[in-house]
Amino acid sequence: GENVEQHPSTLSVQEGDSAVIKCTYSDSASNYFPWYKQELGKRPQLIIDIRSNVGEKKDQRIAVTLNKTAKHFSLHITETQPEDSAVYFCAASASLGAGNMLTFGGGTRLMVKP
Amino acid sequence: GAGVSQTPSNKVTEKGKYVELRCDPISGHTALYWYRQSLGQGPEFLIYFQGTGAADDSGLPNDRFFAVRPEGSVSTLKIQRTERGDSAVYLCASSLSYLDEQFFGPGTRLTVL
């Protein structure tokens, strides 16, 4: 089955700096890569996703890049703000017509210091 | 509109007891997923429903776990003979179709004493 590794497990940055979180996956059939933000005690919320037919996607301060050859994808947050502090999870799935079951990484705790 | 809801928000039970956890997906969403999240870890897939049928239950850890979705909307996750290792947050997610974004519920925190 799919295996997703996520690094780093914790990341501390100064407000205004950039943050980068990296994930690798094992199943070459995976074609959907979402990123979720989870605040303490709250539900995971999708912040951005990318499908395997594109290499990069941006949404304001957030961008995701995908390298299918190397089987890794990354989340980039620019101009970080204290409200970006949360746990971020990457995930991968192979939506082949039989469901879109997500395999999650272990999470990255991002702390943005004011 | 209303998001995914789950009840109860917290459930404390004793080892060996039976529990039921409920998920109300977003109206019209045909795909429904159950995940389990242990402390400090990412969610782990349990079971996927497309409509009323369990299309993939490969993530259920053993036969003490069972889930139903009889009318293609509300789903119930049932755990028999609970064990302390079952303690976790059980998350439900729904999507319009299996290709679409999954929206998560707030989860049920299960504690088995």
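Going by the structure above, here's the rest.
What you see is a predicted model; the values in this text were computed from it and never measured.

Undergrad: Looking at this structure, I do not really get the state of the cysteines. What am I missing?
TA: One covalent bond between the sulfur atoms of two cysteine residues makes up a disulfide. In this structure the tally under the stated criterion is two disulfides over all chains. The residue that forms a disulfide with Cys23(A) is Cys90(A), at a sulfur-sulfur distance of 1.9 Å. Classification of the bridge connecting Cys23(A) and Cys90(A) rests on its S-S torsion, roughly -100°, and on that basis the disulfide is left-handed. Here Cys23(A), found in strand 3 (residues 19–25), pairs with Cys90(A), found in strand 9 (residues 86–92); they are 67 residues apart in sequence, far enough to count as distant. The exposure class assigned to Cys23(A) is buried, which follows from its relative accessible area of 1%. Here Cys90(A) falls in the buried class, since its relative accessible area comes to 0%. Shown here is the disulfide that connects Cys23(B) with Cys92(B), its sulfur atoms set 1.8 Å apart. Disulfide Cys23(B)-Cys92(B): the torsion about the S-S bond is -60°, which places it as left-handed. Of this pair, Cys23(B) sits in strand 3 (residues 19–24) while Cys92(B) sits in strand 9 (residues 88–95), and the two are 69 residues apart along the sequence.

Undergrad: Would you mind going over the interface of chain A and chain B with me for this structure?
TA: With 18 residues of chain A at the contact, the number on the chain B side is 20 residues. Of the roughly 1,600 Å² buried between chain A and chain B, counting both surfaces, carbon and sulfur atoms make up 55%. Connecting chain A to chain B are nine residue pairs in polar contact (both at pLDDT 80 or more). The set of elements that each furnish at least two residues to the side of chain A that touches chain B consists of strand 4 (32–38) and strand 5 (45–51) of chain A. With three residues, the single largest contributor to the side of chain A that touches chain B is strand 4 of chain A. Its residues assigned to classes, the side of chain A that touches chain B shows nine nonpolar, seven polar and two charged.

Undergrad: What am I meant to see in the sheet that holds strand 1 (residues 4–7) of chain A here?
TA: Strand pairing in a sheet is mediated by backbone hydrogen bonds. Such pairs are either parallel or antiparallel. All names here are of chain A. Strand order in the open sheet formed by five strands is 1-3-8-7-6, with antiparallel pairing between adjacent strands. Taken across any chain shown, the strands that pair with only one partner, and hence form the sheet edges, are strand 1 and strand 6 (56–59). The mean inter-strand angle of the sheet, taken between neighbouring strand axes irrespective of direction, is 15°. Alignment of strand 7 (residues 62–67) against strand 8 (residues 72–77), held across six bridges, turns out to be antiparallel. Among the inter-strand pairings, Leu66 is bridged to a residue of strand 8, identified as Phe73.

Undergrad: Help me understand the sheet that holds strand 3 of chain B, please; the structure alone is not making it clear to me.
TA: All names here are of chain B. With antiparallel pairing, the four strands of this open sheet are ordered in space as 1-3-8-7. Edge positions in the sheet fall to strand 1 (5–7) and strand 7 (65–68), since each has one partner strand and no second. Adjacent strand axes in the sheet meet at a mean angle of 15°, parallel and antiparallel pairs treated alike. Across five bridges, strand 3 lies against strand 8 (residues 75–79) in antiparallel orientation. Each residue of the ladder has a partner; that of Glu20, found in strand 8, is Lys78.

Undergrad: For this particular structure, what's the right way to read the environment of Ser30(A)?
TA: Residue and element names in this part refer to chain A. Relative to the helices and strands, Ser30 is located in the loop between strand 3 and strand 4. Given the relative accessible area of 2%, Ser30 is considered buried. Considering only alpha carbons, one finds Ser30 and His7, 23 residues apart in sequence, at a separation of 19 Å. Setting aside its immediate chain neighbours within four residues, Ser30 contacts Glu2, Tyr25, Ser52, Ala92, Ser93 and Ala94.

Undergrad: Whenever I open this one, the layout of surface pockets confuses me. Can you help?
TA: The method is simple in principle: a probe with the dimensions of a water molecule rolls over the atoms, and the space it marks as empty is what remains. In this structure, the largest pocket encloses a volume near 610 Å³. In terms of lining residues, the largest pocket is bounded by 29 residues, among which Gln38(A), Gln37(B), Leu39(B), Gly40(B) and Arg109(B) are the most central. When residues of the lining of the largest pocket are traced back to their parent elements, those giving at least two are strand 9 and strand 11 (108–113) of chain A together with strand 9 and strand 11 (108–112) of chain B. Of the residues forming the lining of the largest pocket, the biggest block, four residues, is contributed by strand 11 of chain B. A volume near 430 Å³ is recorded for the second largest pocket. What lines the second largest pocket is a set of 24 residues, among which Glu2(A), Met101(A), Leu102(A), Thr103(A) and Phe45(B) lie closest to the centre. Mapped onto the lining of the second largest pocket, the elements with two or more residues apiece are strand 10 (103–104) of chain A together with strand 5 (44–50) of chain B.

Conventions we followed
- Residues numbered from 1 in each chain as written.
- Chains lettered and ligands numbered in written order.
- Predicted model: local features only at pLDDT ≥ 70, side-chain atom pairs only at ≥ 80, totals over all residues.
- Heavy atoms only, no water.
- Disulfide = S-S within 2.5 Å.
- Helix = DSSP H or I, 4+ residues; strand = E, 2+ residues; numbered from the N terminus.
- Buried < 20%, exposed > 50% of the residue type's maximum accessible area, 1.4 Å probe, protein only.
- Contact = heavy atoms within 4.5 Å.
- Buried area = accessible area lost by both parts, 1.4 Å probe.
- Polar contact = N/O pair within 3.5 Å; in protein donor to acceptor, adjacent residues only side chain to side chain.
- Nonpolar A, V, L, I, M, F, W, Y, C, P; charged D, E, K, R; others polar.
- Pairing = 2+ DSSP bridges.
- Axes fitted to C-alpha atoms, helices over the stretch in contact; angles between N-to-C directions.
- 1 Å grid on protein atoms, 1.4 Å probe; cavity = no way out; pocket = protein on both sides within 12 Å on 5 of 7 lines; lining within 4 Å.
- Points joined across faces, edges and corners; volume = space filled by probe spheres on them.

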